[in-house]
Amino acid sequence: MIHLVILLNKYTHLINIGGIHLFMEETFKQASIWSIVWRVILTSLVVELISGIFLFIFPFQYSEIISLTGSLTLYYLIYKITLSQIDKQNISSLAITGRGHPDKKKLIPIGILTLLIAGTGYFFIFFILRIIISFISPDEFITPFMNMNFEGLDSTGPSLLYYFPVAVIAAPIVEEIFFRGFVLNKWSEKYGNVKGVLFSSLLFMGIHIGSLLLPQLLMGILCAVIYIKTKKIIYPILVHSFYNFFIILPTLIPNNAILERGYTELFLPKQDIINDINIYATLFVMFFLVAVISLLFYSKKLNQEQTPYLYNFEKYISKVPHETIPDERKFPEF
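Source: prediction; values computed, not measured.

Parameters and conventions
- Residues numbered from 1 in each chain as written.
- Predicted model: local features only at pLDDT ≥ 70, side-chain atom pairs only at ≥ 80, totals over all residues.
- Heavy atoms only, no water.
- Helix = DSSP H or I, 4+ residues; strand = E, 2+ residues; numbered from the N terminus.
- Expected span 1.5 Å × (residues − 1).
- Core = buried A, V, L, I, M, F, W, Y, C linked by side-chain atoms within 4.5 Å.
- Buried < 20%, exposed > 50% of the residue type's maximum accessible area, 1.4 Å probe, protein only.
- Contact = heavy atoms within 4.5 Å.
- Patch = residues over 30% accessible without salt bridge, like charges linked within 9 Å, V, L, I, M, F, W, Y side chains within 5 Å.
- Areas by Shrake-Rupley, 256 points an atom, 1.4 Å probe, with all protein chains shown as cover.
- Salt bridge = Lys/Arg side-chain N within 4 Å of Asp/Glu carboxyl O.
- Polar contact = N/O pair within 3.5 Å; in protein donor to acceptor, adjacent residues only side chain to side chain.
- Axes fitted to C-alpha atoms, helices over the stretch in contact; angles between N-to-C directions.
- Parallel < 35°, antiparallel > 145°, perpendicular 65-115°, else oblique.
- Nonpolar A, V, L, I, M, F, W, Y, C, P; charged D, E, K, R; others polar.
- Phe/Tyr/Trp six-rings, centres within 6.5 Å; stacked < 30°, edge-to-face > 60°.

Help me out: how do you make sense of helix 3 (residues 63–88) in this one?
Residues lying three or four places apart along an α-helix face the same way, a consequence of the helix completing one turn every 3.6 residues. The end-to-end C-alpha distance of helix 3 is 37 Å, a good match for the 38 Å that 26 residues give at a rise of 1.5 Å each. N90 lies just past helix 3 and shows a positive phi near 55°.

Would you mind going over the nonpolar core with me for this structure?
The nonpolar side chains of a soluble globular protein tend to be buried with one another. I91, F182 and V197 are the most contacted members of the largest nonpolar core, which has 62 residues in total. Those residues in contact with V197, other than ones at most four positions away along the chain, are L184, S188, I221, A224, V225, I228 and L302.

Before we go on, may I ask you to explain the side chain of N244 in this structure?
Looking at the element boundaries, N244 is found in helix 10 (residues 234–248). Residue classification places N244 among the buried residues on the basis of a relative accessible area of 12%. If sequence neighbours within four positions are ignored, N244 has contacts with A167, A171 and P172.

Would you take a moment to explain a nonpolar patch on the surface for this structure?
On the surface, V46, L49, I50, I53, F54, F56, I57, F58, Y62 and I65 cluster together into a nonpolar patch covering about 1,000 Å² of accessible area. When residues in the nonpolar patch are grouped by element, the largest group, 7 residues, is from helix 2 (residues 34–57). Residue placement: I53 occurs in helix 2. On the basis of relative accessibility, which here comes to 43%, the residue I53 falls in the partly exposed class.

I tried to follow the side chain of K231 on my own but got confused; where do I start?
As for its position among the elements, K231 is in the loop between helix 9 (214–230) and helix 10. With relative accessibility at 5%, the residue K231 sits in the buried group. Separated by 2.8 Å, the side chain of K231 and the backbone oxygen of I228 make a polar contact. Polar side-chain contacts of K231 include one of 2.5 Å to the backbone oxygen of Q306. Leaving out residues up to four positions away in the same chain, K231 has contacts with T97, G98, I226, E305, Q306, P308, Y311 and N312.

Any chance you could explain the environment of S32 here in plain terms?
Mapped onto the elements, S32 comes out in the loop between strand 2 (20–25) and helix 2. In this structure the C-alpha to C-alpha distance between S32 and F182, which are 150 residues apart in sequence, comes to 9.2 Å. Discounting residues that sit within four places of it in the chain, S32 has contacts with Q89 and F182.

Got a minute to help me understand the pattern of salt bridges in this structure?
Side-chain pairs of opposite charge can arise where the charged atoms are in close proximity. Going through the model one piece at a time under the given rule, you end up with 3 salt bridges. Between E176 and R180 there is a salt bridge, with the nearest N and O atoms lying 2.6 Å from each other. With E176 and R180 both in helix 7 (residues 160–191), this residue pair falls 4 residues apart, about one helical turn. Just as E176 is buried, R180 falls in that class too. K229 is the partner of E305 in a salt bridge, and the nearest nitrogen-oxygen pair spans 3.8 Å. Here E305, found in the loop between helix 13 (270–298) and helix 14 (308–317), pairs with K229, found in helix 9; they are 76 residues apart in sequence, far enough to count as distant. With relative accessibility at 28%, the residue E305 sits in the partly exposed group. When salt bridges with common partners are traced through the structure, they connect K229, K231 and E305 into a single cluster.

Explanation requested: unusual backbone geometry in the structure shown.
The general pattern is negative phi for most residues beyond glycine and trans for most peptide bonds. Residue N90 is not a glycine yet carries a positive backbone phi of 55°. Tracing the backbone through its elements, the reader meets N90 in the loop between helix 3 and helix 4 (93–97). In the Ramachandran plot, K231 falls in the positive-phi region, its phi being about 70° despite a non-glycine side chain.

Sorry, what's going on with the packing of helix 5 (residues 104–135) against helix 9 here?
Relative orientation and spacing of two packed helices are given, respectively, by the angle between their axes and the distance between those axes. Two numbers describe how helix 5 lies on helix 9: the axes approach to 9 Å, and their chain directions differ by 170°. Here helix 9 runs roughly antiparallel to helix 5, going by the angle between their axes. Contacts between helix 5 and helix 9 involve K106, I110, L113, T114, I117, T120, G121 and F124 from the former and L214, P215, L218, M219, L222, I226 and T230 from the latter. Of the residues that constitute the contact of helix 5 with helix 9, the class distribution is 10 nonpolar, 4 polar and 1 charged.

Even after reading the chapter, I still don't get the environment of K300, so can you show me in this structure?
Its location among the elements puts K300 in the loop between helix 13 and helix 14. Overall, the relative accessible area of 48% leaves K300 in the partly exposed class. For the pair K300 and V225, spaced 75 residues apart in sequence, the C-alpha separation works out to 9.9 Å.

How should I be thinking about the packing of aromatic side chains in this particular structure?
Geometry of an aromatic ring pair is reported as the spacing of the ring centres plus the angle between the planes. By the definition in use, this model includes 18 aromatic pairs. Between F28 and F182, the aromatic rings sit 5.2 Å apart at their centres with planes inclined by 85°, giving edge-to-face as the arrangement. Of this pair, F28 sits in the loop between strand 2 and helix 2 while F182 is found in helix 7, placing the two residues 154 residues apart along the sequence. F28 sits in the buried class, given a relative accessible area of 0%. Here F123 and F287 contribute two aromatic rings whose centre-to-centre distance is 5.6 Å and whose plane-to-plane angle is 40°, an arrangement assigned as tilted. Of the two residues, F123 is situated in helix 5 and F287 in helix 13; the sequence distance between them amounts to 164 residues.

Right, here's the structure in full:
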């Protein structure tokens, strides 16, 4: 019996919560990602189906609020699914999140890296356009825009009410808990930090396949590296939130002036738009190179770092008397 307890404590940690003994996993090796993924897939299908029905039934002017409600509902359900699986698999949420407020000194290099990655993401579309123009003539590229009828277009731009709650609040919290808190800890422990960062970031990029891929890959790598370096999930959440805000900011600016001038005038003379694309494409290359070099420098000796879960478990849980540990497996509601 004594030998059995010793063997169990090699992989788990016994915690006394309200008189109930729970085995908290010291490692992510046994954690199941698929148990979350299949539930999220089914939930997404149901939410999308219900949202589609409401969009079909109600008038067009309610589409934005229906989309907002559907997106927030989906993120909340994914959040609850992830928490539920963390609880069922006896994983410590405190070991995932870390403890303490963000360090202002750490925020400076993190903020600079975030600006570089955000700039890379913002200018990436112009780099793609530059490649397209190199294969087709400018006339073929610009003429379709000049022949479009823009009368009646909404000049107010997308609503801040829609983008801000989803992109700047819900998405960073939920996605970082899953992709970095769960997936990264699992794969870093299994394959090593470098491969864990790469694999989890590729998965993150695949989920955001409609967002031009490369910027999402870089942002995923940045959040993963920052999480491993700081051991606190709050840092990648802040990075993710700021990145999304920076990217969507131009879409929130009313475009009345552009519509009043007319898109035909905007694209004349033709050489002006080509020059602008060249400038922005060059900015992308500059931002990309500086961002990659800075990220590589920040990531040095990454494989020598403990995974955040192992580090936080050892620091906050394994050395604390069992009876003094609160029910820390619950994330705060957002």
